[in-house]
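Chains, contacts and geometry: an overview
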Amino acid sequence: MRDVAIIGVGMIPWGELWEKPLRTIWAEAAVAALEDAGVDTVDLITVGCMSPGLFVGQEHLASMVADQIGMAGVPAARVESACASGGLALRNGFAEVASGLADLVLVTGVEKMTDVDGADATFALGTAADQEYEGFHGITFPGLYAMMARVHMARHGTTVRQMAAVAAKNHANGLLNPNAQYHLKVTVDDVLASTMVADPLHLLDCSPITDGAAALVLAPVDRARDLAGGRPVVKITGSGMATDSIALADREDLGRLRAVQLAAERAYAMAGRKPSDIHVAEVHDCFSIAEIMVTEELGFFPPGEGGPAAENGLTALGGRIPVNPSGGLKSKGHPVGATGVAQVAEIVTQLRGEAGQRQVQGASIGLAQNMGGSGGSSIVHILEVAS
Amino acid sequence: MISPARSWREAPQRYRLEAAKCTGCGRVCYPPRVVCPSCRGRDFEHVVLPREGNVVTHTVVRVPPQGFVEQSPLTIALVQLKDGTRLMVQMADVADPETVHAGMPVRLEFRRINSDGEAGVIYYGHKAVPA
């Protein structure tokens with residue numbers, strides 16, 4: 001396998017982008033990444049997008065967007081693993097460059113979620129759960145995570161204040177990210193005073209509905225060194241993916257996210273790294289309890305210590321292991337297919353030392369964890385500054 | 001909208017709690033599967049799920065999905081039946097959702113789940129009631 005670097009990063013401001021169609025937000029992120037990389041052609045485009053069919057009524061997406069940037073003719077493929085579609089787009093691009101099948105790959109993620117109303121968006125997202133045996137009975141995504149939260153609380157003593165601390169921390173980080181959807185100071189008490197969505201999760205424990213896109217350009221490391229122009233070269237040293245039953249009823253342990261643990265194990269093994277080597281992480285905080293569970297599965301904290309760690313500032317900027325310096329899904333927004341790509345864009349920005357006010361000082365090894373649905377899939381990447 | 005074909009196809013599971021038990025390892029699959037997730041066996045015998053069980057975990061969905069607005073808030077539980085099979089169901093006949101808790105004994109009862117509008121197909125299935 002060849003060493004693979006990320007030579008370009010493209011992010012745009014996320015939010016309710018009513019004035020722009022999917023094709024435009026995708027193209028803006030793609031062009032930003034190509035410009036950042038200093039290249040004007042690629043061998044392949046991958047597109048992570050969960051459900052363009054349900055959100056905007058468009059399938060055959062990859063060909064359509066390739067044409068939008070004058071690249072009709074270039075191979076392009078949309079990949080889907082629910083909310084982990086972006087991470088999967090990166091993993092597929094990584095495999096193409098590592099194998100030598102392609103040299104330059106444009107990895108993208110996009111979701112346009114506000115062209116449908118809240119009920120239709122909830123339905124589209126709900127298709128990531130088992131529709132026949134979960135959705136049929138009226139369960140929602142907040143509901144599924146709420147059920148896991150209760151198990152975690154009963155087993156470890158995790159509290160609603162600890163969960164709220166995750167949301168407060170990520171909103172504090174989002175205040176420092178100009179691309180974030182929400183620039184709001186949110187306190188633990190604000191979270192606990194917000195509407196109950198699915199007991200014990202409040203509205204402010206939940207990530208929002210967002211329009212957004214993000215992009216990366218991959219290249220073999222040798223090519224990356226030529227194009228770096230004095231900036232640090234960031235390599236992908238580990239890539240792991242795992243699946244799990246998508247129905248909670250089929251899982252052995254509802255207090256664990258086994259797909260995350262397995263994906264992390266595989267990524268750490270490929271990179272030759274361990275949890276304590278990681279300087280900065282972007283993780284899938286679709287709900288506050290998810291960040292707590294994920295930081296445990298990634299090995300940053302022992303089981304049951306994720307909640308106290310968040311409450312005690314260990315995952316804040318300046319803490320032992322800063323988690324979600326971008327603001328996370330909670331504050332930056334969660335355009336489902338774009339999230340996994342944007343997480344990696346943030347890690348590259350951090351490792352390049354270009355994250356401005358939210359910079360994690362001295363970070364040279366980072367990790368991004370993306371999750372599909374209620375944990376039915378997860379993808380973990382480890383990135384390092386090349387020596 | 002659930003198609004007539006789907007309603008018909010799912011009736012054995014929805015109406016009668018029919019499942020498949022792996023003859024190799026004894027794992028019960030609800031709904032039936034082609035391959036046993038525990039031992040990858042492919043031989044199954046037909047079984048009907050027991051109706052008694054206990055709540056494993058639950059939530060109260062206060063922002064309901066499409067089609068469930070009039071039933072909101074929905075108390076939904078993951079229930080483990082006496083044979084170890086787990087399934088997700090709504091709770092019914094619970095006056096105060098705060099009384100639902102892990103370990104609570106419940107029984108599955110045949111109930112109306114939902115319908116396609118005023119004049120459409122009515123979906124039946126099972127809900128859990130306090131035992």
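Residues numbered from 1 in each chain as written. Chains lettered and ligands numbered in written order. Predicted model: local features only at pLDDT ≥ 70, side-chain atom pairs only at ≥ 80, totals over all residues. Heavy atoms only, no water.

1. Describing the overall build of chain B
- Broken down by element type, chain B carries one helix and eight strands.
- Along the longest, intermediate and shortest principal axes, the C-alpha atoms of chain B span 45 × 35 × 20 Å.
- Every one of the 131 residues in chain B was classed for burial, and the buried ones make up 44%.
- Here the analysis covers contacts within chain B between residues at least 6 apart in sequence; of these, 44% occur between residues at least 24 apart. (Helix = DSSP H or I, 4+ residues; strand = E, 2+ residues; numbered from the N terminus. Buried < 20%, exposed > 50% of the residue type's maximum accessible area, 1.4 Å probe, protein only. Contact = heavy atoms within 4.5 Å.)

2. Focus: the overall build of chain A
- If you tally the helices and strands in chain A, you get 14 helices and eleven strands.
- For 387 residues, the compact-globule formula gives about 21 Å, and the C-alpha radius of gyration of chain A, at 19 Å, lands near that figure.
- Principal axes of the C-alpha set define a box for chain A whose edges measure 55 × 45 × 40 Å.
- Residues counted as buried form 64% of the 387 residues belonging to chain A.
- Once local pairs closer than 6 in sequence are excluded, the contacts in chain A between residues at least 24 apart make up 78%.
- Per element, the accessible surface of chain A, about 12,600 Å² overall, is 50% carbon and sulfur.
- Across chain A, the mean location of the 26 positive side-chain charges is 6 Å away from that of the 43 negative side-chain charges. (Rg over C-alpha atoms; globule rule 2.2 N^0.38 Å. Areas by Shrake-Rupley, 256 points an atom, 1.4 Å probe, with all protein chains shown as cover. Lys, Arg positive; Asp, Glu negative; His and termini not counted. Charge placed at Lys NZ, Arg CZ, Asp CG, Glu CD.)

3. Some remarks on the domain arrangement of chain B
Residues and elements named next belong to chain B.
- Assigned domains within chain B: domain 1 (1–49) and domain 2 (50–131).
- Here the C-alpha centroids of domain 1 and domain 2 sit 20 Å apart.
- Facing the eleven residues of domain 1 at the interface are 14 residues of domain 2.
- Between domain 1 and domain 2, roughly 1,000 Å² of surface is buried when both sides are summed, and carbon and sulfur atoms account for 65% of that area. (Domains from an automatic or database assignment. Buried area = accessible area lost by both parts, 1.4 Å probe.)

4. Considering the packing of aromatic side chains
- Applying the stated rule across the entire model yields five aromatic pairs over all chains.
- Consider the rings of Tyr133(A) and Tyr30(B), whose centres lie 5.5 Å apart with planes at 80°: the pair is edge-to-face. Linking Tyr133(A) in the loop between α5 (118–126) and α6 (141–156) with Tyr30(B) in the loop between β2 (28–29) and β3 (44–48), this pair reaches from one chain into another. Neither Tyr133(A) nor Tyr30(B) differs from the other in exposure class; each is buried.
- Note on Tyr15(B) and Phe110(B): the rings are 5.7 Å apart at their centroids and 90° apart in plane angle, and the pair reads as edge-to-face. With a gap of 95 residues between them, Tyr15(B) in helix α1 (residues 4–16) and Phe110(B) in strand β7 (residues 105–115) connect regions that are remote in the sequence. (Phe/Tyr/Trp six-rings, centres within 6.5 Å; stacked < 30°, edge-to-face > 60°.)

5. Brief notes about the sheet that holds strand β4 (residues 105–111) of chain A
All names here are of chain A.
- If you trace the nine strands from one edge of the open sheet to the other, you get β3-β2-β4-β7-β1-β8-β11-β10-β9, paired in mixed fashion. Of all strands in the sheet, those bounded by a partner on one side alone are β3 (76–79) and β9 (280–282). Sheet twist, expressed as the average angle between the axes of neighbouring strands with direction ignored, equals 25°. (Pairing = 2+ DSSP bridges. Axes fitted to C-alpha atoms, helices over the stretch in contact; angles between N-to-C directions.)

6. Considerations on the interface of chain B and chain A
- Contact residues are listed per partner, giving 36 residues for chain B and 29 residues for chain A.
- Here chain B meets chain A over a buried area of about 2,600 Å², counting both sides, of which 58% is carbon and sulfur.
- The interface formed by chain B and chain A contains two salt bridges.
- Between Arg62(B) and Asp199(A) there is a salt bridge; the shortest N-O distance is 2.7 Å.
- The tally of links between chain B and chain A comes to 13 residue pairs in polar contact (both at pLDDT 80 or more).
- Secondary structure elements with two or more residues in the side of chain B that touches chain A: α1, β4 (52–61), β5 (74–81), β6 (86–90) and β8 (122–130) of chain B.
- A per-element tally of the side of chain B that touches chain A places β4(B) first, with six residues.
- Residues belonging to the side of chain B that touches chain A are distributed by class as follows: 20 nonpolar, seven polar and nine charged. (Salt bridge = Lys/Arg side-chain N within 4 Å of Asp/Glu carboxyl O. Polar contact = N/O pair within 3.5 Å; in protein donor to acceptor, adjacent residues only side chain to side chain. Nonpolar A, V, L, I, M, F, W, Y, C, P; charged D, E, K, R; others polar.)

7. Examining the pattern of salt bridges
- According to the stated counting rule, one finds 26 salt bridges over all chains in the structure shown.
- When the shortest N-O distance is used, the salt bridge between Asp103(A) and Arg2(A) registers 2.9 Å. With Asp103(A) in the loop between α4 (85–99) and β4 and Arg2(A) in the segment before β1 (4–11), the pair connects residues that are 101 residues apart, well separated along the chain.
- Judged by its relative accessible area of 31%, Arg2(A) is partly exposed.
- The residue Arg111(B) makes a salt bridge to Glu109(B) at a minimum N-O spacing of 2.7 Å.
- Judged by its relative accessible area of 22%, Glu109(B) is partly exposed.

8. Observations concerning the pairing of strand β11 (residues 377–385) of chain A
Residues and elements named next belong to chain A.
- Buried residues dominate β11, accounting for eight of its nine residues.
- By the bridge criterion, nine bridges tie strand β8 (residues 234–243) to β11 in an arrangement that is antiparallel. Residue Met241 lies in a different strand from β11, and its bridge partner there is Ile379.
- Sheet topology note: the strand β10 (residues 365–372)/β11 ladder contains eight bridges and is antiparallel. Paired with Gly366 across the strands is Leu383, a residue of β11.
- In this structure, the hairpin formed by β10 and β11 is closed by a connection of four residues, where Gly373 is found at a positive phi of approximately 60°.

9. What to know about the domain arrangement of chain A
All names here are of chain A.
- The domain architecture assigned to chain A consists of domain 1 (4–117 + 209–227) and domain 2 (134–205 + 237–385).
- On the domain 2 side, the residues contacting the 40 residues of domain 1 number 32 residues.
- Around 2,500 Å² of area is buried between domain 1 and domain 2 when both sides are counted, 67% of it from carbon and sulfur atoms.
- Its largest share of buried area at the contact with domain 2, domain 1 owes to Trp14, Cys83 and Arg91, together 27% of the area lost on that side.
- Applying the counting criterion to the domain 1 and domain 2 interface returns one salt bridge.
- As a salt-bridge pair, Asp36 and Arg352 come within 2.8 Å of each other at their nearest N and O atoms.
- Taken together, the elements giving at least two residues each to the side of domain 1 that touches domain 2 come down to β1, α4, β4 and β7 (212–220).
- Per-element tally for the side of domain 1 that touches domain 2: the top contributor is α4, with seven residues.
- Looking at the side of domain 1 that touches domain 2 residue by residue, the classes come out as 24 nonpolar, eleven polar and five charged.

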